[in-house]
Amino acid sequence: MLRAAGAFVVLHHTEARLGDPAARLAAVRAQIEETGTYRHTTAELVFGARVAWRNANRCIGRLYWNSLTVRDRRDVRDARGVAEESAQHLREATRGGRIRALLTVFAPDAPDRPAPRIWNEQLVRYAGYTRPDGGVTGDPRNTGLTDAALRCGWPGGPGTPFDVLPLLVQEAGAPPRWFALPGDAVLEVELTHPEHAWWTSLGLRWHAVPALSNMCLEIGGICYPTAPFNGWYMGTEIGARNLADTDRYDLLPAVAEGLGLDTGTDRTLWKDRALVELNRSVLHSFDRAGVTVTDHHTESRRFVTHLDREERKGRRVGADWSWIVPPISASATPVFHRTYETIDSDPAYVHHPDALERARGLGDF
Ligand code: ARG
């Protein structure tokens, strides 16, 4: 802890040009010796959260790392408070569609007081109900969370493929409790297509804000396990993965059928053509709804700008090729045609052991 804290304080003083870090270093050391931990100043917290974004190997959207807004809610540690402030996070991030990058930080882990946890991997997730026939209504990715919510006493939603799950929040030492997200906190976009009027009969939609809520924000040796954060969507995340992956909504066959494509053989490239139309539909619909969304060509260019900018500042940028390169039209983007190395850093966003894994250890509740 002392080493990580020291390195972070020095980094902060250097980058923010705060002068000699000696006084702050001494104060942090004294706090750690007395209490086993230390408390970040607001400025340290904001700087740490931003640099953690800058250090995210998998994120293509890092050009704007320095514009992240931070809501300091370190005094909140009760389940209801976490749920209410998470809903408020969504409202302040969404702003009717003018999405901004936002992070809300709740109480950190302390030696005597473990932090509260959000079990959902994102604040907004769609339920996946396992049917008696073994199929899934909704998002198959979220069957585990859906089961957990039902076991917590959530009565279930109306049963559409796009039922918004409640938040599952766990206070230290207690079973998780469920909290429905208020409707005014969740903006969704119905998918239409720029040319095909029949598209609406597919009944597709997606939520406006991707807010990751199961990653731990680590800053200078302190772990904030509950620190939901969001940027805005890149269309391919929805159109080429969430709605298209065979283990997610698996919609390419339905889209291809609507388009009248020959699905009898792979060589008609019906999957490829369906993917393109699905992705056009996502960008078109978000644009029409006035909801911030980026496309993979723009974002790839921005990432290259980010790399150049960081290099000029003398900083190395870690990146993971398999995450940075977009899932469609990869070779038509500049990020495809080069290599990267991943770098482990502090501050960083890291995955703590999956909440659902821990839940299994809890048995019945
Ligand atoms: N890929 C995830 C999803 O489709 C979201 C990950 C974060 N994405 C972002 N644009 N900040 O829900």
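Because the structure is a prediction, the values reported are computed rather than measured.

## Topic: the nonpolar core
In terms of nonpolar packing, the biggest core is built from 49 residues, with Leu90, Trp206, Leu243 and Leu278 touching the most fellow members. Put simply, the parts of the chain that give this core at least two residues each are helix H4 (79-94), strand E6 (167-170), helix H6 (235-242), helix H7 (252-259) and helix H8 (270-289). One finds Val28, Val51, Ile222 and Ala227 within the second-largest nonpolar core, a separate group that totals 26 residues.

## Examining the site of the ligand
Looking at the ligand, the residues that line it are Gln122, Arg125, Pro210, Leu212, Gly231, Trp232, Tyr233, Glu237 and Asn242. Between an oxygen atom of the ligand and a side-chain N or O atom of Tyr233, the distance comes to 2.6 Å. Taking Glu237, its side chain carries an N or O atom lying 2.7 Å from a nitrogen atom of the ligand. Relative to its unbound accessible area of 350 Å², the ligand is 71% covered by the protein chains. When grouped by side-chain class, the residues that make up the shell around the ligand number four nonpolar, three polar and two charged.

## Points about the packing of H7 against H8
Packing of H7 against H8 brings their axes to within 9 Å, and their N-to-C directions diverge by 90°. One element, H7, and the other, H8, form an angle in the roughly perpendicular class. Packed against H7, whose contacting residues are Leu252, Pro253, Val255, Ala256 and Leu259, the element H8 presents Trp270, Lys271, Arg273, Ala274, Leu275, Glu277 and Leu278 at the interface. In the contact of H7 with H8, the residues fall into nine nonpolar, no polar and three charged.

## Details of the pattern of salt bridges
Taken as a whole and assessed by the stated rule, the structure comprises 23 salt bridges. Of the charged contacts, one joins Glu85 and Arg71 as a salt bridge, the two residues approaching to 2.5 Å between their closest N and O atoms. Note that Glu85 is positioned in helix H4 and Arg71 in strand E1 (residues 69-72), a separation of 14 residues in sequence. By relative accessible area, which is 5% here, Arg71 ends up buried. Salt bridges sharing common partners tie together Glu15, Arg54, Glu310 and Arg315.

## Considerations on the pairing of E1
Judged from the four bridges that link them, E1 and strand E2 (residues 102-105) form a sheet pairing that is parallel. Across the sheet, the residue bridging to Asp72 is Val105, located in E2. For the handedness criterion, the β-α-β arrangement of E1, H4 and E2 is classed as right-handed.

## Here's the deal with the environment of Lys271
Within the secondary structure layout, Lys271 lies in helix H8. Overall, Lys271 belongs to the partly exposed group, its relative accessible area being 37%. Distance in space between the C-alpha atoms of Lys271 and Val255 is 9.0 Å, their sequence separation being 16 residues. With sequence-adjacent residues up to four places away left out, Lys271 is seen in contact with Leu252 and Asp266.

## Considering the sheet that holds strand E16 (residues 348-351)
Pairing in this open sheet of three strands is antiparallel, and the strands run E12-E11-E16 from one edge to the other. On the outer flanks of this sheet lie strand E12 (222-224) and E16, each paired with one strand and no other. The average angle at which neighbouring strand axes cross in this sheet is 35°, direction not considered. In this structure, strand E11 (residues 215-219) lies alongside E12, joined through three bridges in antiparallel fashion. Paired with Ile219 across the bridge in E12 is Ile222. On the sheet, helix H3 (residues 42-54) packs against E11, E12 and E16 and is oriented at approximately 120° with respect to E11.

## Notes on the sheet that holds strand E7 (residues 177-179)
One open sheet accounts for three strands, arranged E3-E6-E7; its pairing is antiparallel. Every interior strand has two partners, whereas the edge strands, strand E3 (117-118) and E7, have only one. When E6 meets E7, the two strands line up antiparallel, connected through three bridges. If you follow Leu168 over to E7, its bridge partner there is Trp178.

## A word on a positive patch on the surface
Judged by side-chain charge, Arg17, Arg309, Arg312 and Lys313 come together as a positively charged surface patch. Tracing the backbone through its elements, the reader meets Lys313 in the loop between helix H9 (296-312) and helix H10 (321-324). We classify Lys313 as exposed; its relative accessible area is 55%.

Cut-offs applied
- Residues numbered from 1 in each chain as written.
- Predicted model: local features only at pLDDT ≥ 70, side-chain atom pairs only at ≥ 80, totals over all residues.
- Heavy atoms only, no water.
- Core = buried A, V, L, I, M, F, W, Y, C linked by side-chain atoms within 4.5 Å.
- Buried < 20%, exposed > 50% of the residue type's maximum accessible area, 1.4 Å probe, protein only.
- Helix = DSSP H or I, 4+ residues; strand = E, 2+ residues; numbered from the N terminus.
- Near = heavy atom within 4 Å.
- Polar contact = N/O pair within 3.5 Å; in protein donor to acceptor, adjacent residues only side chain to side chain.
- Areas by Shrake-Rupley, 256 points an atom, 1.4 Å probe, with all protein chains shown as cover.
- Nonpolar A, V, L, I, M, F, W, Y, C, P; charged D, E, K, R; others polar.
- Axes fitted to C-alpha atoms, helices over the stretch in contact; angles between N-to-C directions.
- Parallel < 35°, antiparallel > 145°, perpendicular 65-115°, else oblique.
- Contact = heavy atoms within 4.5 Å.
- Salt bridge = Lys/Arg side-chain N within 4 Å of Asp/Glu carboxyl O.
- Pairing = 2+ DSSP bridges.
- Right-handed = clockwise from strand over helix to strand, strands pointing away.
- Patch = residues over 30% accessible without salt bridge, like charges linked within 9 Å, V, L, I, M, F, W, Y side chains within 5 Å.
- Lys, Arg positive; Asp, Glu negative; His and termini not counted.
- Charge placed at Lys NZ, Arg CZ, Asp CG, Glu CD.

Everything listed here is a matter of geometry and, on its own, says nothing about what the molecule does.
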